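Listed below, chain by chain, are the residues.
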Amino acid sequence: MIPLSHFMLISGLLFCIGLYAVLSKRNAIMILIGIEFMLNAAILNLVAFGKYDKQVMGGQMFALFAIVLAAATVAVSLAIILNVYTYYKNIDPTTIDQLRD
Amino acid sequence: MEALISEHIILISLLVAVMPLLTFFGSLIFRGNVIRSGSFAIFYIGLSLLLSVVVFVQVWNGPSIHEQFHWFTIGSWELRIGVLLNNLSVLMMLLVSGIALLVNIYSTKYMQGDPYIRRYWAYLGLFCFSMLGMVIVDNLLLVYMFWELVGFSSYLLIGFWFTRSTAVRANKKAFIMNRLGDLGFLIGIMIIFSQFQTLDITRLFGNEGLVEAAVVSGGSWIGSAGSMPAEWLTIAGIVFFLAAVAKSAQFPLHTWLPDAMEGPTSVSSLIHAATMVAAGVFLIARVYPLFDDTVLLVIASIGAFTAFMAATIALTQNDIKRILAFSTISQLGFMMLAMGVGASGSALFHLVTHAFFKCLLFLAAGAILHEMAHLKEKSGKDFDPQDIRNMGGLRKYMPVTFITMAIGSLALVALPLTSGYLSKDAILIQSFEWAEGVGGWHRLIPVSAMITSWLTAFYISRLIFKVFFGEFRLSALTSGLHVHEAPAAMKYVLVILSVFCLFPVFSLNPLLFEDAWILQGFPQVESMTRINAFHTVVPAAVNLISIALICLCYKWYAVRQSAPDFSRSVLFKFSQDQWHLDRFYSSVLVSGTTAFAGFLYWIDRYIVDGIVNSAGVLGRWLASGSRWIDRYVVDGLVNFSGYLAGIVGNFVRHFQTGRLQHYLVTMLIIILTLFIYKYYTAAI
Amino acid sequence: MSIEQVVFYFLAATVLFSAFMVVFNRNMVRSIFLFFVTLFAMSGLFIYALADFVAVTQLIVYVGGMLVLMIFAFLLSSKTILNTSAAHKTSLIGLHHIPGMIISLLFFLILFVTIYQANPEEISWIRNAGNNTLVASDNTIHAIGINLMTRYLIPFEIISVLLMMALIGAAHLARRTKKQ
């Protein structure tokens, strides 16, 4: 019904939006949101291809695992962001530049 | 005894020459009264005289004695030197040693009290050695050596009182002018050597000598060893004559002789009257066969001209020694004239007689000066003791001096009964005979010689009358003090010399010169025919007019002091300033040379040194250029590479921002680049 | 054009539009709420891919869990976080946005080109998967459950362990230190 390439396009666009958010946002939480977008795009892709795999259900299984992992990622990231905020008193990644050569 | 002498004649002649050299060394090395009083010098020169008498007796009019030994060899040419004793040698030897002894005796009194008397005896000894050496050697090279040594001794003696600047200038002038003559001598030696390959006098100038054998044909002078263009024969003659011109003070190299009077008067008498100036005549006599007709004419002309010129200058001089100096130049001109017309025997005869009477005149003048200097000291007034205008009436106070000086003057004027008459008349008559033989303009030469004799009479009698007659012109100044007679040593020398001025020493016949024994010893020139007319007319004319001039002088200067005053006329000034020759030499030659030297100094200082300095400046400039290159280019490159590394490093450093998103961007850029590259290469 | 396609494209547009708004909105709170909208629309898209269980899981976990957590973390933290983010009055397209924009545009270009070149309908196993294709009447929960326990048991166990690790880790990281 819906061609596969459309799904792929949508997921690609979402991925790029998420990429943009990661690269140019001045807020750590926005970066986290960008990462979530990228993950969501990947999950959409998995699911779109998973339609053609009834026996193993590989696509959907991996989509589930990916969702779980995304959740874990967010949890840990928020804890880290909180710690960073406690130390640096702001969450602007451009000011956190101590880890350089 | 006879055999002993004849065996060792050469050794004896060598001793004659060397004795005065012992005086030279001894006077410089030893001290003591023996030296200072002159006994040392007199002993040796007396010994020289004695031995030269012995040699003279042995050799005169006999065969010439010649001995040589080998000195050194250059390549295949060996130089043999030795002693040659012929008439000319022994005559000169006797003359020189005799006059030297008399002057030495005179000097004991004249130079008494001088603080540098040892040097004086030494230099006199050196001079006698060099003069005696010159007359006995047989090689032109050795004659040249002794010639220069004579010039050097003259330099030392003229500048004896070297603290006086005039003496120093005079001896420098004498030495430099003599050197000009030496140049001629050297050129002559070179020409003769290249033509004949030998410098031996007997081989060159003896009978059947190489010079006589050489012929001039087809424009070239063909000698034994080669040939050269014929002009060189004339040139050789001219340059030898040039040597004689310088040494015997002929025109134009005569200006040193009047200035040489700065030396002591005894020195002037020995060197510049009797002996050294005669060395020029001696040289002409030695190389006589070399001269051809052109050269002989030149010799005669210059001799005649010099004689005339010097006589005209002597007319107006006021310094007693200068009058006598110009008189010497004039008489030497006579000798040269005689040589030029071919009467070499007469020239040598006149040399001998001139030596005696000129030496006498100088020594007498020295005595007068000695006394005048004493008078100046005693009276404490300042006047020139040599000026004849300050003298007068000295006949009363110095009778012996007066008589001897008068005899010498008569010999100079050449009145009969004197030796001078014989020799000068020989010259005059023979020059007239020569002019008759040649004819034309050449007659001017003997005529000018005759006029010069008259002028001689005038100036010497002016001298005598002004000095000895009348009243003492300075009696007011010296308030009654007057001069005394000369001391004994000086007086007796004057007397001995005056004896030699009279005829008996030279010829038993007072009127005929052919009987003179000196002339017998020298060959006469056959080309001159004897013209009897001259033998009576010439002496008569000369002597009568001379006597007339003497009487005129007497009237003007002795009796009434009524000489007409010519001092404002042009001719008088011309004569008094020595025909402006000295001034001309000084302003043109001396100034020209010093200006040239100054110009060369300027070139050396600014151009040569300038080039050297500019080379240094160039080197410095190049060095600064290379320093600039080193500092800005080389170091610049090195610094630039460091700067470049800094720039690149600084640029790259900024990639490490520590900002997360920058790292992500960089990483993604690289991934994208890879994707695009892969895509495009795959697409193409 | 059937109504399903229209709805699909509407949902797709919603996803993309709200994603855009999330990224380009200056206000943080609005971004998070728009994120909420995005996730909802995403699950709608999952349904069109016949992955209904995944869609619901997305809603429960992502929206209900994650987003709520973020909102809580956001709101319950001190006000300065909000202030600092609000203080940034940056322009919409500032200098620091440019590299991100360029890179994401290029990335999309590459993806676009790749997708069209890849031509996913023509991939062999997709074309040949006639019986293997999911249909709307299939019981996906049943299949997922069976596969989870049999085929994907190890990943399942590992996932649970990982969850526990994340839990412990997050709890430890977020603890109050003694100085506070």
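Along each chain, numbering runs from 1 in the same order as the chain's sequence is written. Chain labels run from A onward and ligand labels from 1 onward, assigned in the order the entries are written. Local features in this predicted model are restricted to residues whose pLDDT is 70 or higher, and side-chain atom pairs enter the listing and the counts only when it is 80 or higher, whereas totals over whole chains, interfaces and linings include all residues.

Each helix and strand in chain C was counted, giving eight helices and zero strands. A run of DSSP states H or I qualifies as a helix once it reaches four residues; a run of E qualifies as a strand once it reaches two. Both are numbered from the N-terminal end. Helices and strands in chain C line up, N terminus first, as α-α-α-α-α-α-α-α. Taking all 180 residues of chain C together, 21% fall into the buried category. By the convention adopted here, residues are in contact when the distance between their C-beta atoms, placed from the backbone, does not exceed 7 Å. Across chain C, contacts joining residues at least 24 apart in sequence account for 50% of those joining residues at least 6 apart. Buried means a residue has 20 or more other C-beta atoms within 10 Å of its own C-beta, exposed means 12 or fewer, and partly exposed covers the counts in between; C-beta atoms are placed from the backbone.

Within chain A one finds three helices and zero strands. When the elements of chain A are put in sequence order from the N terminus, they spell out α-α-α. Here chain A holds 101 residues, and the buried ones make up 55% of them. Here the contacts in chain A between residues at least 6 apart in sequence split such that 43% fall between residues at least 24 apart.

Once that is clear, we can look at the packing of helix α5 (residues 87-110) of chain B against helix α17 (residues 344-379) of chain B. All names here are of chain B. Every angle, taken between N-to-C directions, lies between 0 and 180 degrees, and every axis is a line fitted to C-alpha atoms, over only the stretch in contact when it is a helix. Axis separation between α5 and α17 bottoms out at 11 Å; the angle between their running directions is 5°. In terms of orientation, α5 and α17 fall into the roughly parallel class. The residues of α17 that touch α5, namely those facing Leu95, Ile99, Tyr106 and Tyr110, are Val352, Ala355, Cys359, Leu363, Gly366 and His370. Asp, Glu, Lys and Arg are counted as charged, while Ala, Val, Leu, Ile, Met, Phe, Trp, Tyr, Cys and Pro are counted as nonpolar; the rest, among them Gly, fall into the polar class. Its residues assigned to classes, the contact of α5 with α17 comprises eight nonpolar, two polar and no charged. What sets the label is the angle itself: under 35 degrees gives roughly parallel, over 145 gives roughly antiparallel, 65 to 115 gives roughly perpendicular, and the rest give oblique.

Bringing the interface of chain B and chain A into the picture now. Listed by partner, the interface residues are eight residues for chain B and ten residues for chain A. Residues that form the side of chain B that touches chain A fall into these classes: three nonpolar, four polar and one charged.

Moving on, we get to the interface of chain A and chain C. Taken together, the contact pairs 58 residues of chain A with 72 residues of chain C. At the level of secondary structure, the elements contributing two or more residues to the side of chain A that touches chain C comprise α1 (4-24), α2 (28-50) and α3 (58-88) of chain A. It is α3(A) that provides the largest number of residues to the side of chain A that touches chain C, a total of 18 residues. By residue class, the composition of the side of chain A that touches chain C is 43 nonpolar, ten polar and five charged.

Residue and element names in this part refer to chain B. Take methionine 92: it is sitting in helix α5. Judged by the 26 C-beta atoms lying within 10 Å of it, methionine 92 is buried. Distance from methionine 92 to leucine 132, taken between C-alpha atoms, is 8.0 Å for residues 40 residues apart in sequence. Aside from chain neighbours lying at most four places away, what touches methionine 92 is Val135 and Phe282.

Here the focus is unusual backbone geometry. The omega torsion across B:Phe251 and B:Pro252 is 0°, close enough to zero to call that bond cis. Assignment of secondary structure puts B:Pro252 in the loop between α11 (231-247) and α12 (256-259). Of note in this structure, A:Lys89 is not a glycine but carries a positive phi near 65°. Counting through the fold element by element, A:Lys89 comes out in the segment after α3. Owing to 12 C-beta atoms within 10 Å, A:Lys89 belongs among the exposed residues under this scheme.

Residue and element names in this part refer to chain A. Interhelical geometry of α2 versus α3 gives an angle of 175° and a closest axis separation of 9 Å. Between α2 and α3, the angle falls in the class roughly antiparallel. Mapping the contact onto sequence places Ala28, Ile29, Leu32, Glu36, Leu39, Ala42, Ile43, Leu46, Val47, Phe49 and Gly50 in α2 and Gly58, Gly59, Gln60, Phe62, Ala63, Ala66, Ile67, Ala70, Val74, Ser77, Ile81 and Val84 in α3. Classifying every residue of the contact of α2 with α3 gives 17 nonpolar, five polar and one charged.

This brings us to the environment of A:Val76. Turning to its location among the elements, A:Val76 is positioned in helix α3. By the C-beta count within 10 Å, which is 17 here, A:Val76 ends up partly exposed. With sequence-adjacent residues up to four places away left out, A:Val76 is seen in contact with C:Ala166, C:Gly169, C:Ala170 and C:Leu173.

In this section: the nonpolar core. Soluble globular proteins tend to pack their nonpolar side chains together in the buried interior. Think of a nonpolar core as buried Ala, Val, Leu, Ile, Met, Phe, Trp, Tyr and Cys residues chained together by C-beta atoms that fall within 7 Å. Membership of the largest hydrophobic core comes to 203 residues, with the highest contact counts inside it found for B:Leu337 and B:Leu363. Ranked by residues supplied to this core, first place goes to α17(B) with 19 residues. If near-sequence neighbours (up to four positions away) are discounted, B:Leu363 is found in contact with B:Tyr106, B:Ser266, B:Ser269, B:Met490, B:Val493, B:Leu494 and B:Leu497. Ranked by size, the runner-up nonpolar core spans 70 residues in total, among them A:Leu14, A:Phe37, A:Leu39 and A:Leu64.

The next subject is α2(A). Across its 23 residues, α2(A) extends 33 Å between first and last C-alpha, which sits within 8% of the 33 Å expected from 1.5 Å per residue. The buried fraction of α2(A) is high, at 20 of 23 residues. Any helix carries an expected span of 1.5 Å times its number of residues minus one.

Residues and elements named next belong to chain B. Here strand β1 (residues 65-74) lies mainly on the outside; zero of its ten residues are buried. Sheet topology note: the β1/strand β2 (residues 77-85) ladder contains nine bridges and is antiparallel. The residue bridging histidine 66 from the neighbouring strand is leucine 84, located in β2. Taking the residues between adjacent antiparallel strands as the criterion, β1 and β2 are bridged by two residues, where glycine 75 takes a positive phi near 65°. We treat two strands as partners when DSSP finds at least two bridges between them.

What follows deals with helix α1 (residues 3-24) of chain C. Each α-helix winds once per 3.6 residues, and so residues spaced three or four apart point in a common direction. Residues and elements named next belong to chain C. Here α1 spans 31 Å end to end across 22 residues, near enough to the 32 Å set by a 1.5 Å rise per residue. When we look at burial in α1, the residues that qualify are Phe8, Leu11, Ala12, Val15, Ser18, Ala19, Val22 and Val23. Down the axis of α1, the buried side of the element spans an arc of 140°, and every buried residue falls inside it. Facing away from the buried side of α1, by more than 90 degrees, are the exposed residues Ile3, Val6, Phe10 and Ala13. Relevant arc is that of directions from the helix axis to the C-beta atoms, nothing else.

Let us now look at the confidence of the model for chain C. Residues and elements named next belong to chain C. Per residue, pLDDT captures the predictor's confidence, and it can take any value from 0 to 100. Taken over all residues, the pLDDT of chain C has a mean of 86, while the share at 70 or more is 89%. The lowest-confidence element of chain C is helix α4 (residues 79-87), averaging 57 in pLDDT; the highest-confidence one is α1, averaging 94. With a pTM of 0.66, the predicted complex shows an ipTM of 0.90.

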